[in-house]
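# Observations on the model geometry
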Amino acid sequence: MVVKILSAALILVALYMGVKQGWAMVSGKPAMLEMFSKWNVGKNGMMIIGFATIIGAILVLFPSTFLWGNFITAAGILLIICFHLNETTATSAERLKGVAIELPFLLLSLVIIYLQHPLVKAVG
């Protein structure tokens, strides 16, 4: 029971963060435009990534699409980690700082997958 409550709480946190960040990308917030422009990703590319982020966050809510939502979310986070690591104008410390900021979000997706969706009956 505690695992299901924890899983539900983490899913809601992931939903909030995914929608918030995705909406920041879709709406073209200046901070997002600045960050993505460093990686030569235009406004349209950023909007596509933002829509995928929002869709991934919403898919996590439903047991039938739970795994796909987490995969989409994790793929988006890995994409941003790759952008950070590939950044040519940053120092090594700045690159690693960007990666370190993203790692907890990637781990959150992995923990949610491990805990499983709270509305699915346990197998076994």
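Counting restarts for each chain, with residues numbered from 1 along the sequence as it is written. Where totals are concerned, whole chains, interfaces and linings use all residues; where local detail is concerned, this predicted model gives features only for residues with pLDDT of at least 70, and gives and counts side-chain atom pairs only at 80 or more. Only hydrogens and water are removed before side-chain values are computed, so all heavy atoms of the structure are retained for them.

Only residues whose relative accessible area exceeds 30% and that form no salt bridge enter a patch; like-charged residues are grouped when within 9 Å of one another, and nonpolar side chains (Val, Leu, Ile, Met, Phe, Trp, Tyr) when within 5 Å. Every accessible area reported is derived by Shrake-Rupley at a probe size of 1.4 Å, with residue values counting cover from the shown protein chains alone. By salt bridge we mean one thing: a side-chain nitrogen of Lys or Arg within 4 Å of a carboxyl oxygen of Asp or Glu. Together, Val19, Ile58 and Phe62 give the surface a local cluster of nonpolar side chains, amounting to about 240 Å² of exposed area. Ile58 gets classed as partly exposed once you look at its relative accessible area, which sits at 37%. Exposed residues in this analysis have more than 50% of their type's maximum accessible area, buried residues have under 20%, and partly exposed residues fall in between, with area computed by a 1.4 Å probe over protein chains only.

A few words now on the environment of Ala24. Helix and strand labels come from DSSP, where a helix needs a run of H or I of at least four residues and a strand needs a run of E of at least two; each type is numbered from the N terminus. With respect to the helices and strands, the residue Ala24 is situated in helix H1 (residues 2–26). Look at Ala24 and you get buried, because its relative accessible area is 10%. In this structure the C-alpha to C-alpha distance between Ala24 and Met46, which are 22 residues apart in sequence, comes to 9.6 Å. When checking whether two residues touch, look at their non-hydrogen atoms; a contact exists if any pair is within 4.5 Å. Those residues in contact with Ala24, other than ones at most four positions away along the chain, are Lys29 and Met32.

With that out of the way, let us pick up helix H5 (residues 92–115). Owing to its 3.6 residues per turn, the α-helix aligns residues three or four sequence positions apart on the same side. Expected helix span is taken as 1.5 Å per residue step, with the number of steps being one fewer than the number of residues. Taking 1.5 Å per residue, 24 residues should reach 34 Å; H5 reaches 34 Å between its end C-alpha atoms and fits that length. The set of residues buried in H5 consists of Gly98, Val99, Glu102, Leu106, Leu108, Ser109, Ile112 and Leu115. Considering only its buried residues, H5 is in contact with H1 and helix H4 (66–86).

What follows deals with the packing of H4 against H5. Note on geometry: axes are C-alpha line fits, over the in-contact stretch for helices, and angles between N-to-C directions span 0 to 180 degrees. Put simply, H4 and H5 touch, their axes get as near as 9 Å, and they point 170° apart. Our classification of the angle between H4 and H5 gives roughly antiparallel. Residues Phe66, Leu67, Asn70, Phe71, Thr73, Ala74, Ile77, Leu78, Ile80, Ile81, His84 and Leu85 of H4 form the contact with H5, whose own contacting residues are Arg95, Gly98, Val99, Glu102, Leu103, Phe105, Leu106, Ser109, Ile112 and Ile113. Taken together, the residues of the contact of H4 with H5 break down into 15 nonpolar, 5 polar and 2 charged. Reported orientations rely on four angle classes, namely roughly parallel under 35 degrees, roughly antiparallel over 145, roughly perpendicular from 65 to 115, and oblique for the rest. Each residue is assigned to one of three groups, with Ala, Val, Leu, Ile, Met, Phe, Trp, Tyr, Cys and Pro labelled nonpolar, Asp, Glu, Lys and Arg labelled charged, and all others, Gly among them, labelled polar.

Take the nonpolar core next. Definition used in this section: a nonpolar core is a set of buried Ala, Val, Leu, Ile, Met, Phe, Trp, Tyr and Cys residues joined via side-chain atoms within 4.5 Å. With 10 residues, the main nonpolar core is built from Ala24, Met25, Met32, Phe36, Trp39, Val41, Met46, Ile49, Ile80 and Phe83. Elements supplying a minimum of two residues to this core: H1, helix H2 (30–38), helix H3 (43–59) and H4. Ignoring anything within four residues of it in the chain, the contact list for Ile49 reads Met25, Phe36, Val41, Leu79 and Phe83. Membership of the second largest hydrophobic core comes to 8 residues, among which are Leu10, Ala14, Leu108 and Ile112.

Turning to the layout of surface pockets, a few remarks are in order. A cavity, in this analysis, means grid points on a 1 Å lattice covering only the protein atoms where a 1.4 Å probe fits yet has no way out; a pocket is instead an open set bounded by protein on both sides within 12 Å along at least five of seven lines, and a residue lines either one if it has an atom within 4 Å of a point. Grid points are joined across faces, edges and corners, and a volume is the space filled by probe spheres set on the points. The computed volume of the largest pocket comes to approximately 740 Å³. Around the largest pocket sit 37 residues that line it, and Gln21, Ile77, Ile80, Glu102 and Phe105 are the ones nearest its centre. Contributing elements (two or more residues each) for the lining of the largest pocket: H1, H2, H3, H4 and H5. No other element matches the 10 residues that H5 contributes to the lining of the largest pocket. In terms of residue class, the lining of the largest pocket is made up of 20 nonpolar, 10 polar and 7 charged.

As a further point, take the pattern of salt bridges. One pass over the full model with this rule turns up 1 salt bridge. The salt bridge involving Lys38 is made with Glu87; its shortest N-O contact spans 3.6 Å. Here the residue Lys38 occupies a position in helix H2, and Glu87 occupies one in the loop between H4 and H5, the gap between them amounting to 49 residues. A relative accessible area of 44% places Lys38 in the partly exposed class.

Their axes nearest at 7 Å, the elements H1 and H3 cross at an angle of 160°. Judged on the interaxial angle alone, H3 and H1 are roughly antiparallel. Here H1 runs over H3; the crossing is left-handed. Taken together, the residues of H3 that come into contact with H1 (itself represented by Ala14, Leu15, Gly18, Val19, Gly22, Trp23, Met25 and Val26) are Met46, Met47, Ile49, Gly50, Phe51, Thr53, Ile54, Ala57 and Ile58. Grouping the amino acids of the contact of H1 with H3 by side-chain chemistry returns 13 nonpolar, 4 polar and no charged. Each crossing is labelled by how the near helix is turned from the far one, with a counterclockwise turn of less than a right angle marking it left-handed and a clockwise turn marking it right-handed.

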